[in-house]
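# Breakdown of the fold
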Amino acid sequence: MFGLIRDELCQLILTINFASICPVLSLIGLGGNIINIIVFMTQGFHDTVNISLFALAFSDIGMLLNILIIAILSNPILLGSEILIEPKEFMTAVAGWPIAFFSKTTSWITAYITFERCLCVMVPLRVKRLVTPKIVVYIMVSIYVMMFAILIPEFMTFYLDWTYFPDRNKTLIGMVRRKYSKAASGITFTMFTFSQFLSVPFIILFTVILTAKLRQKSKWRIKTTSGADRALKKMGKKDSKTIKMATAIAVMHILCYLPSYIDLLIAVTVQEFYIVGLYKNSFLVAFSLPSLFEAVNSSLSIFLYYRMSSKYRRTLNDIFKQTKTNFA
């Protein structure tokens, strides 16, 4: 059943998701995340939260740029022109796998953010010594390096070259599989799948802990029953707001990445689902919906930060005031 999606239906779905909705979300998200980066750079990186959110914004920009590339390649106007590329294969090679890279990077950065906030709740008096700005930088760089290392095997299995397409009776630039592609293909998919199946439960676990602790915090204001609770009660108002924002980021991530999680479950169940071939149209359709929700996740961060962080609002308002003054 997964191989029965016709080209016309596939193209209609891709046009609605990628060529109509995703460009708008991507442009909004790109602008918002550029503003996020400017705000965090203005605030400085002495606060570990800013480092993590800066890395998250950078990953979101990479995600949205590649979604925008796919949106352009899915545009009916471009498809109807005499372009020299096979759009579906070209978008899979050039933007599809990079989206997977940034998607998993975003997941692990989100998992770390929720983990760090859990440490703030569990060991509030020691977290500043355990988690320093230098350590967080190392962690963020390590996440990017590991996800990029996972991506390398897949890019070694194919290359872009002139290919004859009998159904079009044309020679276009498409994906050409190397001789050893069958042996090597699937390594990246397997590792990314394992990564997603590991990171999402971590995010859920840490989010549940944070939510439970936030509920307990209201009770601590009335009565403290242990030394550990007294230590937690001393947690400042700033840290409390940061924990609430981290929880909101995690919840939004879980909701928006649920379609991707389901998509991976299908890919694991249906053999060769992700490979361009028999299931090409099914894969592209199943790929478009998670990308849409991931674009939403990457685009809403600026509104979340502005709503939940007074420090972010002050910095952003100051930047706008300064910019307005300079242009006045």
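Here the residue index of a chain counts from 1 through its sequence in written order. Side-chain atom pairs in this predicted model are given and counted only at pLDDT of 80 or more, local residue features only at pLDDT of at least 70, and totals for whole chains, interfaces and linings cover all residues. As a convention, hydrogens and water are excluded, and side-chain values are obtained from all of the structure's heavy atoms.

As a reminder, the rule being used: UniProt positions are given in the numbering used here, feature names are shortened, and annotations may be inferred rather than shown by experiment.
The name given to the protein chain in an unreviewed UniProt entry is G-protein coupled receptors family 1 profile domain-containing protein, with Lymnaea stagnalis as the source organism. UniProt lists a comment for the protein chain under the heading Subcellular location (unreviewed entry), and it reads "Membrane".

## With respect to the overall build of the protein chain
Cut-off, in case you're wondering: The way it works is that DSSP assigns letters per residue, a run of H or I at least four long becomes a helix, a run of E at least two long becomes a strand, and they are numbered from the N terminus. Any two residues having at least one pair of non-hydrogen atoms within 4.5 Å are treated as being in contact. What sets the accessible areas is the Shrake-Rupley method with a 1.4 Å probe; for residues, cover comes only from the shown protein chains.
Regarding its fold elements, the protein chain presents 13 helices and 2 strands. Contacts in the protein chain between residues far apart in sequence, at least 24 positions, make up 79% of those at least 6 positions apart. Summed over all atoms, the accessible surface of the protein chain reaches about 16900 Å², with 69% contributed by carbon and sulfur.

## Description of the packing of helix 2 (residues 48-73) against helix 4 (residues 87-122)
What counts is decided by this rule: Here, axes are lines fitted to C-alpha atoms. For helices the fit covers the stretch in contact, and angles between N-to-C directions go from 0 to 180 degrees. In these notes the angle categories are as follows: under 35 degrees is roughly parallel, over 145 is roughly antiparallel, 65 to 115 is roughly perpendicular, and the rest is oblique. We call a crossing left-handed when the near helix sits turned anticlockwise from the far one by less than a right angle, and right-handed when that turn is clockwise. Each residue is assigned to one of three groups, with Ala, Val, Leu, Ile, Met, Phe, Trp, Tyr, Cys and Pro labelled nonpolar, Asp, Glu, Lys and Arg labelled charged, and all others, Gly among them, labelled polar.
Across the interface, helix 2 lies against helix 4 with an axial gap of 9 Å and an inter-helix angle of 160°. Judged by the angle between their axes, helix 2 and helix 4 are roughly antiparallel. For the pair helix 2 and helix 4, the crossing hand works out as left-handed. Here the contact of helix 2 with helix 4 is built from residues that sort into 20 nonpolar, 10 polar and 3 charged.

## Brief notes about the packing of helix 4 against helix 6 (residues 133-155)
The contact between helix 4 and helix 6 brings their axes to 10 Å, and the two run at 150°. As summarised for this structure, helix 4 and helix 6 are arranged roughly antiparallel, according to the angle between their axes. In this structure, helix 4 meets helix 6 at a crossing whose hand is right-handed. Between helix 4, through A93, W97, P98, F101, K104, T105, W108, I109, Y112 and E116, and helix 6, the contact on the second element is made entirely by V136, I139, M140, I143, Y144, M147, F148, L151, E154 and F155. Residue classes in the contact of helix 4 with helix 6 are distributed as 16 nonpolar, 1 polar and 3 charged.

## Thoughts on helix 4
Since the α-helix turns once every 3.6 residues, residues separated by three or four places project in the same direction. Cut-off, in case you're wondering: The span expected for a helix works out to 1.5 Å for each residue beyond the first. What we call the bend at a residue is the angle made by axes fitted to the seven residues finishing there and the seven residues starting there. Exposure classes here rest on a 1.4 Å probe applied to the protein chains alone. A residue is buried below 20% of its type maximum, exposed above 50%, and partly exposed in between.
End to end, helix 4 covers 50 Å across 36 residues, agreeing with the expected 52 Å (1.5 Å per residue, within 8%). At A93, helix 4 shows its largest kink, close to 40°. Among the 36 residues that make up helix 4, 33 are buried, leaving the element largely enclosed by the rest of the structure.

## A word on the UniProt feature "transmembrane region" (unreviewed entry) in the protein chain
As recorded in UniProt, the feature "transmembrane region" (unreviewed entry) lies at residues 12-39, 51-74, 94-115, 135-160, 187-212, 243-262 and 282-306. Between the C-alpha atoms that bound residues 243-262 there is a distance of 28 Å. The span itself is 100% helix and 0% strand.

## Thoughts on the pairing of strand 1 (residues 158-165)
This is how the line gets drawn: The rule for pairing is simple: two strands pair if DSSP sees at least two bridges between them.
Sheet topology places strand 1 next to strand 2 (residues 170-177); 8 bridges connect them, and they run antiparallel. When the bridges of strand 2 are listed, L160 appears paired with M175. The antiparallel hairpin formed by strand 1 and strand 2 contains 4 residues in its connecting segment, where N169 sits at a positive phi of about 55°.

## Observations regarding the nonpolar core
To keep it simple, the criterion reads: What makes a nonpolar core is a set of buried Ala, Val, Leu, Ile, Met, Phe, Trp, Tyr and Cys residues whose side-chain atoms join them at distances within 4.5 Å.
Within the largest apolar cluster, 79 residues are counted, with the highest numbers of intra-cluster contacts made by L53, I109, M140, F192 and Y305. Looking at this core element by element, the count peaks at 18 residues for helix 4. When residues no more than four places from it in sequence are discounted, the contact partners of L53 are F40, I113, M245, I249 and Y305.

## Section: the packing of aromatic side chains
Our working definition: Only Phe, Tyr and Trp rings take part, Trp by its six-membered ring, and two of them pair if their centres are within 6.5 Å. Stacked means planes under 30 degrees apart, edge-to-face means over 60, and tilted covers everything else. Definition used: whenever NZ (Lys) or CZ (Arg) falls within 6 Å of the ring centre and also within 35 degrees of the ring normal, the charge is taken to sit over that ring.
For the structure on display, the rule yields 14 aromatic pairs. By the ring-pair criterion, three or more aromatic residues cluster together here, those being F58, F101, F102, Y144 and F148. Note that K104 overlies the ring of F192, its terminal NZ or CZ placed 5.7 Å from the centroid.

## A short note on the environment of K179
By the secondary structure assignment, K179 is in the loop between strand 2 and helix 7 (181-184). Taking the C-alpha atoms as reference points, K179 and F158, separated by 21 residues in sequence, lie 9.1 Å from one another.

## What to know about the pattern of salt bridges
Keep this limit in mind: Salt bridge, as applied in this entry: a Lys or Arg side-chain nitrogen positioned within 4 Å of an Asp or Glu carboxyl oxygen.
All chains considered together, the criterion is met by 2 salt bridges. E154 is paired through a salt bridge with R177; the nearest N and O atoms lie 3.4 Å apart. Linking E154 in helix 6 with R177 in strand 2, this pair joins segments that are 23 residues apart in sequence.

## Looking at helix 6
An ideal rise of 1.5 Å per residue puts 33 Å on 23 residues; helix 6 measures up with 33 Å between its terminal C-alpha atoms. Buried within helix 6 we find V136, M140, I143, Y144, M147, I150, L151 and E154.

## Some points on the environment of L255
Tracing the backbone shows L255 in helix 10 (residues 237-269). The spacing of L255 and F293 is 38 residues in sequence and 8.6 Å in space, taken between C-alpha atoms.

## Side note on a nonpolar patch on the surface
Selection criterion: Note that patches include only residues with greater than 30% relative accessible area and no salt bridge, and the join distances are 9 Å for like charges and 5 Å for nonpolar side chains (Val, Leu, Ile, Met, Phe, Trp, Tyr).
A surface patch of nonpolar side chains, about 340 Å² in accessible area, is lined by L9, L12, I16 and I21. Assignment of secondary structure puts L12 in helix 1 (residues 7-43). When its relative accessible area of 48% is taken as the criterion, L12 is described as partly exposed.

## Here we look at the side chain of T106
Inspection of the secondary structure puts T106 in helix 4. Looking at T106, the relative accessible area reads 1%, which means it is buried. Those residues within four positions of T106 in sequence are excluded, and the remaining contacts are L56, S59, D60, H253, Y257 and N297.

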